[in-house]
Amino acid sequence: MRAVVPLFLALAVAPLAGQEAPAPRTVHAGNIPHAKAETSRARGISSETPHLAPLTQRQRAIQILNRFTFGPRPGDLNQVLAMGVDKWFEQQLNPDSISDEALERRLADYPTLGMTPEQALTAFPNRATIQAVADEKIQPPSDPALAAMYDVQLVKLQNQQKAGASPTSTPAKDLQPTSSLDQDRSTAARIAGQLFALARSQRMAALIKLPVADRIAFTSFVSGDQKAFLLSQFTPRERELFLAMASNANSSQQIVSELSQAKILRAILSERQLQEVMTDFWFNHFNIFIQKNADQWYTTSYERDVIRKNALGKFRDLLLATATSPAMMVYLDNWQSMAPDSIANGVNPVRPRARKGNRGLNENYGRELMELHTLGVDGGYTQADVTALSAILTGWTVDRPFQGGPFAFEARRHEPGPKQWLGHTIGDSTSQPADGMKEGVQALSILAASPATAHFISYKLAQRFVADDPPPALVDRMAATWLSSDGDIKAILRTMVSSPEFNSKKYFRNKVKTPLEFVASVFRTTATDPVNPAALVQTLRQMGMPPYHALPPTGYSITADHWMNSSALIDRLRFADVLTKNRFANQKFDAEHLLAIGLMTSPPDVATAAVSTAERSGYRDVALSHTSAQQSTPKGGSDLALHLLESALVGGDVSQKTNTLIERQVSSLGSTSPAEGLNLLTALILGSPEFQMR
């Protein structure tokens with residue numbers, strides 16, 4: 001890779017150097033233009049769109065695939081052209097009509113995806129849960145398999161405490177003396193032999209009947225090859241039990257691992273691509289951080305039941321669903337909020353002048369609800385409005401958050417009486433604490449219907465799907481559709497997708513892929529089956545975008561300035577190089593198959609041009625069969641392969657500058673086998689600036 005990186009970097013950066021650098025920004029509402037309460041048309045400003053050169057039908061199909069999938073697969077472009085762009089888009093807007101059986105079979109390996117938070121926490125207890133069982137504050141599960149896992153976790157917790165180990169996660173092997181380690185490895189090898197002698201269906205039953213010490217030894221010290229083979233033959237539920245026993249007095253991270261792997265699998269494999277893209281958009285908009293306290297077990301249901309379920313519905317329903325989600329209440333601390341004048345805060349209704357408690361409002365959620373989720377930072381609210389909204393939402397909390405309990409409204413925490421907020425009076429002098437749920441719903445409905453919200457969210461949608469600096473006239477039209485359709489997300493998307501701006505050459509391939517979009521598009525575009533999603537999650541972590549780990553409420557950036565830098569590009573280029581050389585996490589990559597796909601799916605004019613170019617270069621034998629490893633690829637053959645691969649990976653629209661740099665790189669490495677040359681060409685195209693764009 002060392003010889004490749006310098007030119008790789010030149011390849012990726014050089015064509016971008018001449019472009020005007022975008023103004024620095026993040027996805028913080030404070031950097032998004034003023035969300036006015038009226039559209040520009042209502043203010044007397046013309047929203048007429050200046051003449052924009054339209055896309056061809058083929059380009060329009062590429063545009064819709066680039067923006068509303070995680071990258072087109074081989075054959076997708078021809079399918080969209082045959083079906084028609086508008087018909088394809090309408091089909092994707094109705095995901096329930098699209099079969100996704102192949103993905104569902106893959107996701108069956110992750111049972112926590114269908115669990116409630118309480119079920120997930122029971123299956124993968126955290127340290128606090130194990131400690132509560134040890135203290136006899138809660139009962140262990142009655143299920144024999146789960147009970148066996150809890151026995152292991154209890155002993156590990158006791159061993160940690162005796163050794164004075166850190167309560168985070170000290171591996172079992174680090175708590176053992178060397179002599180004991182050798183004995184445990186010997187025990188693990190012996191048990192492995194016993195289990196492998198049994199039928200698959202009998203192995204877990206035999207494992208959970210072993211003494212606890214043997215279970216710990218085996219799950220902690222079984223060799224890597226034996227462990228991999230055993231896990232491959234377990235059922236998903238058995239695999240979960242094994243991994244929970246192998247964890248060190250805290251197995252809740254397995255929930256995070258399963259959800260993260262499922263996200264990358266959905267991005268790559270789902271047939272319901274528009275739904276997944278919109279789920280990603282809305283999760284990022286209503287971001288939560290999965291490592292924030294109880295959100296380790298709430299995030300799965302948050303994405304499943306709140307975000308994905310409402311991703312293509314009415315914005316009001318989505319907003320209300322996020323507000324009544326334990327995940328959001330935990331992340332932005334509203335579950336702890338206590339009204340100063342509430343009963344729970346020590347106010348005695350009989351003696352109203354009695355001393356109040358010390359606890360009070362938590363304004364985190366009230367502020368972010370207006371600044372980031374709805375109105376925007378310039379949406380016309382004040383600090384007094386933040387305080388008032390926070391009071392309106394007191395009592396919105398979570399029942400037993402550290403045991404996976406549901407959202408709850410607790411009247412004793414709610415602020416009674418009228419609240420002046422955004423020019424509205426919420427509640428009145430007769431309002432009781434029990435009215436707090438109704439008051440909160442009223443406030444959320446006002447926010448969802450606000451013209452400022454319509455403009456702010458329309459801007460964010462256009463920024464994700466059209467341009468980092470979206471055209472104001474388009475944003476205005478989207479906001480107008482919002483107001484006329486009562487926040488119908490499908491209607492707003494239709495306005496955007498049918499617009500002259502979305503279908504213009506000015507906004508064609510002008511969005512830089514995020515790491516998730518890049519990695520998913522590599523696998524989709526090359527028709528590569530993701531056999532090791534855990535390794536892809538780690539890759540995203542290295543690229544700075546681990547799923548569900550954006551700490552700030554602004555989520556991850558969706559603009560070029562954050563992702564287009566030399567360090568980020570090197571990470572992408574290394575990934576492409578390692579993957580195409582079949583050196584990535586036992587992942588099989590087939591460049592020859594990709595070349596054949598390019599020949600089969602390229603438009604006739606592209607294929608003819610590729611062969612013509614190859615012939616002019618002196619290469620007339622265009623057979624795709626292997627030559628000997630010692631024989632170098634003829635120049636014409638390299639040209640033909642390059643054209644076909646570019647057609648397959650980026651639609652053939654590659655600049656002469658990119659081609660020149662690729663040819664220089666291939667020449668600089670001297671004689672290579674056809675297979676090595678093909679891998680190198682693929683990696684260089686995946687690292688090209690054209691492939692970084694969508």
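Now for a quick tour of the structure.

Cut-offs and rules
Residues numbered from 1 in each chain as written. Predicted model: local features only at pLDDT ≥ 70, side-chain atom pairs only at ≥ 80, totals over all residues. Heavy atoms only, no water. Helix = DSSP H or I, 4+ residues; strand = E, 2+ residues; numbered from the N terminus. Buried < 20%, exposed > 50% of the residue type's maximum accessible area, 1.4 Å probe, protein only. Contact = heavy atoms within 4.5 Å. Areas by Shrake-Rupley, 256 points an atom, 1.4 Å probe, with all protein chains shown as cover. Axes fitted to C-alpha atoms, helices over the stretch in contact; angles between N-to-C directions. Left-handed = near helix turned anticlockwise from the far one by under 90°. Nonpolar A, V, L, I, M, F, W, Y, C, P; charged D, E, K, R; others polar. Phe/Tyr/Trp six-rings, centres within 6.5 Å; stacked < 30°, edge-to-face > 60°. Salt bridge = Lys/Arg side-chain N within 4 Å of Asp/Glu carboxyl O. Core = buried A, V, L, I, M, F, W, Y, C linked by side-chain atoms within 4.5 Å. 1 Å grid on protein atoms, 1.4 Å probe; cavity = no way out; pocket = protein on both sides within 12 Å on 5 of 7 lines; lining within 4 Å. Points joined across faces, edges and corners; volume = space filled by probe spheres on them. Polar contact = N/O pair within 3.5 Å; in protein donor to acceptor, adjacent residues only side chain to side chain. Parallel < 35°, antiparallel > 145°, perpendicular 65-115°, else oblique.

**Considerations on the overall build of the protein chain**
Then step 1. Looking only at helices and strands, the protein chain features 34 helices and 4 strands.
Then step 2. Across the 694 residues that make up the protein chain, the buried fraction comes to 55%.
Then step 3. In the protein chain, once contacts between residues fewer than 6 apart in sequence are set aside, the share between residues at least 24 apart is 75%.
Then step 4. Surface summary for the protein chain: the accessible area is close to 28800 Å², and the carbon and sulfur share equals 53%.

**Section: the packing of helix 2 (residues 57–68) against helix 3 (residues 76–83)**
Then step 1. Orientation of helix 2 relative to helix 3, taken along the N-to-C sense of each, is 115 degrees, at an axis distance of 9 Å. Crossing of helix 2 over helix 3 shows right-handed handedness. Residues Gln57, Arg58, Ala61, Ile62, Ile64 and Leu65 of helix 2 pack against Asp76, Leu77, Val80 and Leu81 of helix 3.
Then step 2. A per-class count over the contact of helix 2 with helix 3 returns 7 nonpolar, 1 polar and 2 charged.

**Observations regarding the packing of aromatic side chains**
Then step 1. A full pass over the atoms with the stated rule returns 20 aromatic pairs.
Then step 2. Centroid distance Phe281 to Trp282: 4.9 Å. Interplanar angle 75 degrees. Geometry classified as edge-to-face.
Then step 3. Its relative accessible area of 3% is what places Phe281 among the buried residues.
Then step 4. Pairing Trp396 with Phe407 gives two aromatic rings, centres 5.7 Å apart and planes at 75 degrees, and the pair type is edge-to-face. Linking Trp396 in strand 1 (residues 396–398) with Phe407 in strand 2 (residues 407–409), this pair joins segments that are 11 residues apart in sequence.

**Some words on the pattern of salt bridges**
Then step 1. In this structure the tally under the stated criterion is 30 salt bridges.
Then step 2. For the salt bridge of Asp182 with Arg185, the shortest nitrogen-to-oxygen distance reads 3.6 Å. Of this pair, Asp182 and Arg185 both sit in helix 9 (residues 178–196), 3 residues apart, roughly one helical turn.
Then step 3. Relative accessible area serves as the criterion here: at 46%, Asp182 is assigned to the partly exposed category.
Then step 4. With a shortest N-O distance of 3.1 Å, Glu240 and Arg237 are connected by a salt bridge. Placement of the pair is Glu240 and Arg237 together in helix 13 (residues 236–246), with a separation of 3 residues, close to one helical turn.
Then step 5. Exposure remark for Glu240: the relative accessible area of 2% places this residue in the buried category.

**Digging into the nonpolar core**
The nonpolar side chains of soluble globular proteins are, as a tendency, buried together.
Then step 1. Membership of the largest hydrophobic core comes to 178 residues, with the highest contact counts inside it found for Ile64, Phe68, Phe218, Met278, Trp282, Leu493 and Phe575.
Then step 2. With residues near it in sequence (within four places) discarded, Leu493 still touches Phe68, Phe89, Leu93, Met278, Leu312 and Leu461.

**Observations concerning the environment of Asp639**
Then step 1. On the secondary structure map, Asp639 appears in helix 31 (residues 635–650).
Then step 2. For Asp639, a relative accessible area of 5% gives the class buried.
Then step 3. Put simply, Asp639 and Leu681 are 42 residues apart on the chain and 10.0 Å apart in space, counted from C-alpha to C-alpha.

**Details of the environment of Phe409**
Then step 1. Assignment of secondary structure puts Phe409 in strand 2.
Then step 2. Classification of Phe409 by relative accessible area gives partly exposed; the value is 25%.
Then step 3. Distance from Phe409 to Gly395, taken between C-alpha atoms, is 5.2 Å for residues 14 residues apart in sequence.
Then step 4. Each residue touching Phe409, except ones within four places of it in the same chain, is listed here: Thr394, Gly395, Trp396, His414, Pro433, Ala434, Gly436 and Met437.

**What to know about empty space enclosed by the protein**
Then step 1. Scanning the entire structure with this criterion turns up 7 cavities of 30 Å³ or more.
Then step 2. Quantified by volume, the largest cavity comes out at close to 440 Å³.
Then step 3. Surrounding the largest cavity, 35 residues form its lining, Pro72, Thr525, Ala648, Leu649 and Gly651 being those nearest its centre.
Then step 4. At the level of elements, helix 2, helix 3, helix 25 (515–525), helix 29 (591–601), helix 31 and helix 34 (689–692) are the ones that each hand at least two residues to the lining of the largest cavity.
Then step 5. It is helix 2 that provides the largest number of residues to the lining of the largest cavity, a total of 5 residues.
Then step 6. Classifying every residue of the lining of the largest cavity by side-chain character gives 14 nonpolar, 11 polar and 10 charged.
Then step 7. Lining the second largest cavity are 19 residues, and of these Lys263, Asp280, Asn284, Met545 and Tyr556 lie nearest its centre.
Then step 8. By residue number, the principal contributor to the lining of the second largest cavity is helix 15 (residues 273–285), which donates 3 residues.
Then step 9. Across the lining of the second largest cavity, the residue classes tally to 10 nonpolar, 5 polar and 4 charged.

**Description of the side chain of Gln261**
Then step 1. With respect to the helices and strands, Gln261 occurs in helix 14 (residues 253–269).
Then step 2. Residue classification places Gln261 among the buried residues on the basis of a relative accessible area of 11%.
Then step 3. Side chain to side chain, Gln261 and Tyr110 meet in a polar contact 3.0 Å long.

**Some details on the packing of helix 11 (residues 212–221) against helix 13**
Then step 1. Direction vectors running N to C along helix 11 and helix 13 enclose 100 degrees, while the axes themselves pass 8 Å from each other. In terms of orientation, helix 11 lies roughly perpendicular with respect to helix 13. Judged by residue contacts, Arg215, Phe218 and Thr219 of helix 11 engage Phe242, Met245 and Ala246 from helix 13.
Then step 2. Of the residues contributing to the contact of helix 11 with helix 13, the split by class is 4 nonpolar, 1 polar and 1 charged.

**Describing unusual backbone geometry**
Among all residues except glycine, the phi angle is most often negative; among peptide bonds, the trans geometry is most common.
Then step 1. Its identity is not glycine, yet Arg509 carries a phi of approximately 50 degrees, on the positive side.
Then step 2. Structurally, Arg509 can be placed in the loop between helix 24 (489–497) and helix 25.
Then step 3. Phi at Asn582 takes a positive value of approximately 60 degrees, unusual for a residue other than glycine.
Then step 4. For Asn582, the location among the structural elements is in the loop between helix 28 (566–580) and helix 29.

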